[in-house]
Amino acid sequence: RVAVLLVLVLASVGVVFADHQQEPCSPLERPHGSLYIAWIDCQNNQNEVVVIVNGTDTEIDLTDYVIESSSGQQFVFESNSINAACCLIAPYDVLRVHSGPRNASFFPDLRDLHWLLENGQPMTNPIWDDAGDSADLYDYNGHLVDTYAY
């Protein structure tokens, strides 16, 4: 009886693990500190979003911080005519950085920033690979703050 019960339990556990699959764009691992990349919405190529979270009780100035894709594309946090409200992130709040075709649209929330090309225009091409990718967040000194991989 014990052997039969053990076989049934192991078989059901195997079914559960076989049915569980990694969600697209979800992280493979999440080591992070108080400022981190919480999520990348890579499934919507019309409006890709990188979500940055400030998990502290202190406002953080992200001026000159950089998000870099695994392919080397970079978003630099800087105030300009398009991202005029950049670059403060309030305590326990988020900033969202958009890319993809909808990135050319106006976002009424000041926490939404546009990934820009070198010429200052919004990045309207998808950046993130649906099958797997990574993003690094660097501070203004070039030190790695966080990595998000999925």
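Residues numbered from 1 in each chain as written. Predicted model: local features only at pLDDT ≥ 70, side-chain atom pairs only at ≥ 80, totals over all residues. Heavy atoms only, no water.

### Structural notes on the pairing of strand S9 (residues 134-138)
(1) Moving on: Across 4 bridges, strand S4 (residues 66-69) lies against S9 in antiparallel orientation. Bridge pairing in S9 places Glu68 opposite Asp136.
(2) Moving on: As paired elements, S9 and strand S10 (residues 144-149) share 5 bridges and run antiparallel to each other. Counted as the bridge partner of Tyr138 is Leu144 from S10.
(3) Moving on: Two successive antiparallel strands, S9 and S10, enclose a turn made up of 5 residues, where Gly142 displays a positive phi of approximately 85°. (Pairing = 2+ DSSP bridges. Helix = DSSP H or I, 4+ residues; strand = E, 2+ residues; numbered from the N terminus.)

### Focus on the pattern of salt bridges
(1) Moving on: Counted according to the given criterion, the structure contains 4 salt bridges.
(2) Moving on: With a closest N to O distance of 2.7 Å, Asp112 and Arg96 form a salt bridge. Separated by 16 residues along the polypeptide, Asp112 in strand S8 (residues 112-114) and Arg96 in strand S7 (residues 94-99) bring together distant segments of the chain.
(3) Moving on: What you see here is one network of salt bridges that share partners, running through Asp93, Arg96, Asp109, Arg111 and Asp112. (Salt bridge = Lys/Arg side-chain N within 4 Å of Asp/Glu carboxyl O.)

### Some remarks on the sheet that holds strand S5 (residues 74-76)
Adjacent strands of a sheet form backbone hydrogen bonds with each other and so pair up, either parallel or antiparallel.
(1) Moving on: Pairing within the open sheet is antiparallel, and its 4 strands lie in the order S5-S4-S9-S10. A single partner strand is all that each edge strand has here, and the edge strands are S5 and S10. The mean inter-strand angle of the sheet, taken between neighbouring strand axes irrespective of direction, is 15°. (Axes fitted to C-alpha atoms, helices over the stretch in contact; angles between N-to-C directions.)

### Considerations on the state of the cysteines
(1) Moving on: This model, assessed by the stated rule, comprises 1 disulfide.
(2) Moving on: The side chain of Cys86 participates in a disulfide bridge whose partner is Cys87; the two sulfur atoms lie 1.8 Å from each other. Its torsion about the S-S bond being 95°, the disulfide of Cys86 and Cys87 is classed as right-handed. Each member of the pair, Cys86 as well as Cys87, carries the same accessibility label: buried. (Disulfide = S-S within 2.5 Å. Buried < 20%, exposed > 50% of the residue type's maximum accessible area, 1.4 Å probe, protein only.)

### Considerations on the nonpolar core
(1) Moving on: Counting 26 residues, the largest nonpolar core has Ile40, Ile52, Leu62, Ile67, Phe77 and Trp128 as its most contacted members.
(2) Moving on: Elements that contribute at least two residues to this core include exactly strand S1 (35-41), strand S2 (48-54), S7 and S9. (Core = buried A, V, L, I, M, F, W, Y, C linked by side-chain atoms within 4.5 Å.)

### Some remarks on the packing of aromatic side chains
(1) Moving on: Tallied over the full model, the rule gives 5 aromatic pairs.
(2) Moving on: Judged by centre distance (4.8 Å) and plane angle (85°), the rings of Phe75 and Phe77 are edge-to-face. Across the pair, Phe77 and Phe75 agree in class, each one buried.
(3) Moving on: Through a chain of ring-to-ring contacts, three or more aromatic side chains come together here, namely Phe75, Phe77, Trp115 and Trp128. (Phe/Tyr/Trp six-rings, centres within 6.5 Å; stacked < 30°, edge-to-face > 60°.)

### Let's talk about the sheet that holds S1
(1) Moving on: Spatial strand order, S1-S2-S7-S8: 4 strands in an open sheet with mixed pairing. Looking along the sheet, the strands with just one partner apiece sit at the ends: S1 and S8. When the angles between neighbouring strand axes are averaged without regard to direction, this sheet yields 25°.
(2) Moving on: The sheet contact formed by S2 and S7 spans 6 bridges and is antiparallel. For Val50, the partnering residue across the bridge sits in S7 and is Val97.

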